[in-house]
Amino acid sequence: MAEFASLKSAEERGSGPDLPRGHFFCFGLGYSARRLADRLLALGWRVGGTCRSAQKQHALAAAGIEAHLFDRDHPLKDADRILAGVTHLLGSVPPDAAGDPAIDCHGAAIDRAAAGLRWTGYLSTTGVYGDRGGAWVDESSPLQPSGERGMRRVLAERQWLALARPAHIFRLAGIYG
């Protein structure tokens, strides 16, 4: 994630070193992933991703994002073509009872694209730690999800870690936006 450590626009950076441009693709361009996508667009990156509605697809396209409709029941029609040339891949689709829809539908295509990927990430949740009664947790704390959603996230994390290019896992606290 060091590549993304300082995502500042040219105006914010002044005359500092430029972040090498790449091609970012995100399964699930929701609130958190969209913030990253917008920053990368401002830096001149090529950005693509998925959403579930035609209305959001049009809004993303208007912002300069190559948007594709996707959910478990409607996989990408040509994932190999869509992922060709992607350098940075992020998973942000919430898992369902069967696991992570992106991995279940397109894990093989992601593995085929692995040679060209410089970075892979997955947005999970601190819910994988369960209720610790206010005690501190960190990345080395055992995963003890207390609910179905947390258990689904643990499974999804394992799916992303099992890819040919294992993902960096980010466990986000509640995101509301």
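Since we're looking at a predicted model, the values are computed, not measured.

1. Thoughts on the overall build of the protein
When helices and strands are counted, the protein shows six helices and six strands. When its helices and strands are written in sequence order, the protein yields α-β-α-β-α-β-α-β-α-β-α-β. Counting across all 177 residues of the protein, residues that qualify as buried make up 41%. Contacts spanning at least 24 positions in sequence make up 67% of the contacts within the protein whose residues lie at least 6 apart.

2. Looking at the pattern of salt bridges
For the coordinates displayed, the defined rule picks out nine salt bridges. One salt bridge connects Arg-152 with Glu-148, and the closest N-O pair in it is separated by 3.3 Å. Taken together, the positions of Arg-152 and Glu-148, both in helix α6 (residues 148-161) and four residues apart, correspond to about one turn of that helix. Looking at Arg-152, the relative accessible area reads 24%, which means it is partly exposed. A single salt-bridge network, built from bridges that share partners, covers Arg-34, Arg-35 and Asp-38.

3. Focus: the environment of Leu-36
Relative to the elements of secondary structure, Leu-36 occurs in helix α2 (residues 31-42). The sequence separation of Leu-36 and Val-47 amounts to 11 residues, and the corresponding C-alpha distance is 9.9 Å.

Parameters at a glance
Residues numbered from 1 in each chain as written. Predicted model: local features only at pLDDT ≥ 70, side-chain atom pairs only at ≥ 80, totals over all residues. Heavy atoms only, no water. Helix = DSSP H or I, 4+ residues; strand = E, 2+ residues; numbered from the N terminus. Buried < 20%, exposed > 50% of the residue type's maximum accessible area, 1.4 Å probe, protein only. Contact = heavy atoms within 4.5 Å. Salt bridge = Lys/Arg side-chain N within 4 Å of Asp/Glu carboxyl O.

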